Amino acid sequence: MINNNHVTTLEIDLKAVEFNLNYFKSKLKDTTDIMVVVKAFGYGSDAIEIAKSIEQHVSYFAVAYAMEGIALRNAGIKTSILVLHPQADNLESLIVNDLEPSLYNKHVFSSFLKLTRENKLKNYPIHLKFNTGLNRLGFSINDLPYLHKELELNQTIFIQSLFSHLAASEDKNEIEFTKNQIEKFNNITTQFKLIFGFVPTRHLCNTSGIINYPEAHFDLVRLGIGVYGFANDVSETNNLKNVISLKTVITQIHEIEPGESVGYNRSFSASNKMKTATVAIGHADGLSRRLGNGKVCVKINNQRAPIVGNICMDMMMVDITNINCKPGDDVIIFDNQQSVEFLAKQSDTISYELLTAISQRVRRVVIS
Ligand SMILES: *Cc1c(COP(=O)(O)O)cnc(C)c1O
């Protein structure tokens, strides 16, 4: 958003990003590179600022959709970019912007090959995705002969990598399943080598895979939520620095008499005399309406203020009966990983959804 002067801000600590990146690097062998996943606006933060700040320290970026990669290119990012979920409808935009597609089925594969022939390309880097159990995207091992035949007929592309994605790398109850995915991936590699005569770069692990399955780091890992400070595991998250903080301000204070209600649909009624503050964040900023009616607190002058009544679209009310504060004072929605995890839990979701839901109306402020 251009010239955003919203008082509600998302602070992004770039030093913490670098710290977290180095933490994960320290877990890797020298021969394993890092791809940082900056899809969905950098997990709701600011993909461009994040990418610019670490570009020199990573070998790849990944995004989900073409438009996300185009935004990085338009911002001057030169590093290789893998597009994880390209669509047959806009493959041309990948070539124009020097973005590397994940090719995951025959439809998108043959559409892309056709384009590379039409554009008379040579050795355009592509990434072959295989399904090893997530059942979301990917070729099967049985597609290898088809892929080989197509590649023999077309010198227009170059297989930059083989990859797959783990379904439950954070889940200690699914170790057997995950080990089976790793084994399937290894079998695909063996089979690939037999048919093609070489083995491209291989990658399988997301953040939790990096932590829990060092034997599956291969040549490259795809680090997403970890770089933003979350590891899907309390003790590992404690080793990371917080990157993202959400803040707003008090806009008005009300004295509420017993029996009065606060907010839409009168879901809250005061039983005692109390004081509320109206603050400048609502569900349109990405704060779930499920967090209203006392489910969580915000912090004002280092004291906890519970949300009162329903969260409105653009603002909400909090209980400040025992807090000394005035209009214009800061209100912290979250400024550490524990509070994000708590907000996520109280709204029946995970940190990933909570972060990516923070809307584009919230002003991004970079701290470096
Ligand atoms: C989003 C994504 C990642 C990153 O996952 P994290 O759990 O955030 O580290 C890696 N690989 C693929 C294919 C993804 O879609």
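Residues numbered from 1 in each chain as written. Predicted model: local features only at pLDDT ≥ 70, side-chain atom pairs only at ≥ 80, totals over all residues. Heavy atoms only, no water.

(A) Geometry of the site of the ligand. Around the ligand, 13 residues are found, and the nearest of them are K39, Y43, T207, R222 and Y352. In the model, an oxygen atom of the ligand is placed 2.5 Å from a nitrogen or oxygen of the T207 side chain. Here the ligand, which alone exposes 390 Å², has 94% of that area covered by the protein. By residue class, the composition of the shell around the ligand is 5 nonpolar, 4 polar and 4 charged. (Near = heavy atom within 4 Å. Polar contact = N/O pair within 3.5 Å; in protein donor to acceptor, adjacent residues only side chain to side chain. Areas by Shrake-Rupley, 256 points an atom, 1.4 Å probe, with all protein chains shown as cover. Nonpolar A, V, L, I, M, F, W, Y, C, P; charged D, E, K, R; others polar.)

(B) Seen up close, the pattern of salt bridges. Applying the stated rule across the entire model yields 10 salt bridges. Residue K114 is joined to E118 by a salt bridge in which the shortest nitrogen-to-oxygen separation is 3.3 Å. On the criterion of helical spacing, the pair formed by K114 and E118 is a turn pair, its members being 4 residues apart in helix α6 (residues 106–118). Its salt-bridge partner being D285, residue R361 comes within 2.9 Å of it at the nearest N-O pair. Separated by 76 residues along the polypeptide, R361 in the loop between α12 (351–356) and β18 (363–367) and D285 in the loop between β13 (274–279) and β14 (297–300) bring together distant segments of the chain. Among the ionic contacts, a cluster of salt bridges with common partners joins D285, D314 and R361. (Salt bridge = Lys/Arg side-chain N within 4 Å of Asp/Glu carboxyl O. Helix = DSSP H or I, 4+ residues; strand = E, 2+ residues; numbered from the N terminus.)

(C) Just the packing of aromatic side chains, in detail. Applying the stated rule across the entire model yields 11 aromatic pairs. Ring centres of Y23 and F24 lie 5.5 Å apart, and the angle between their planes is 85°; on these two criteria the pair is classed as edge-to-face. Residue classification places Y23 among the buried positions, given a relative accessible area of 17%. On the accessibility criterion, F24 (1% relative accessible area) is buried. Ring centres of F185 and F218 lie 5.2 Å apart, and the angle between their planes is 75°; on these two criteria the pair is classed as edge-to-face. Separated by 33 residues along the polypeptide, F185 in helix α8 (residues 175–196) and F218 in the loop between α9 (207–212) and β9 (220–223) bring together distant segments of the chain. Per residue, the accessibility class of F185 equals that of F218, and both read buried. Through a chain of ring-to-ring contacts, three or more aromatic side chains come together here, namely F109, F130, F139 and Y146. (Phe/Tyr/Trp six-rings, centres within 6.5 Å; stacked < 30°, edge-to-face > 60°. Buried < 20%, exposed > 50% of the residue type's maximum accessible area, 1.4 Å probe, protein only.)

(D) Representation of the packing of helix α1 (residues 14–25) against helix α3 (residues 47–54) within the structure. Between α1 and α3, the least distance of the axes is 10 Å, while the angle of their chain directions is 60°. Judged by the inter-axis angle, α1 sits oblique to α3. The handedness of the crossing between α1 and α3 is right-handed. Contact residues: α1 offers L14, V17 and L21, while α3 offers E49, I50, S53 and I54. Residue composition of the contact of α1 with α3, by class: 5 nonpolar, 1 polar and 1 charged. (Axes fitted to C-alpha atoms, helices over the stretch in contact; angles between N-to-C directions. Parallel < 35°, antiparallel > 145°, perpendicular 65-115°, else oblique. Left-handed = near helix turned anticlockwise from the far one by under 90°. Contact = heavy atoms within 4.5 Å.)

(E) Quick peek at α3. Where α3 is concerned, the buried positions are A47, I50, A51 and I54. For α3, the arc enclosing every buried residue in end-on projection is 95°, short of the 170-degree limit, so these residues lie on one face. Among the structural elements, β1 (9–13), α1, β2 (33–37), α2 (39–43), β3 (60–63) and α4 (66–74) are those in contact with the buried residues of α3. At the N-terminal end of α3, a side-chain oxygen is found 3.2 Å from the backbone nitrogen of I48, two or three residues along, and the residue is D46. (Arc of directions from axis to C-beta.)

(F) The arrangement of the nonpolar core in detail. Counting 107 residues, the largest nonpolar core has L128, I300, M316, V318, I333 and F334 as its most contacted members. Of all the elements, α1 adds the most residues to this core, at 6 residues. Two domains each provide a minimum of three residues to this core, namely domain 1 (14–235) and domain 2 (244–335). Those residues within four positions of M316 in sequence are excluded, and the remaining contacts are A277, T278, V279, I281, L287, V298, I307, I311 and I333. Among the nonpolar cores identified, the runner-up in size contains 7 residues, and I256, V262, A270 and C312 belong to it. (Core = buried A, V, L, I, M, F, W, Y, C linked by side-chain atoms within 4.5 Å. Domains from an automatic or database assignment.)

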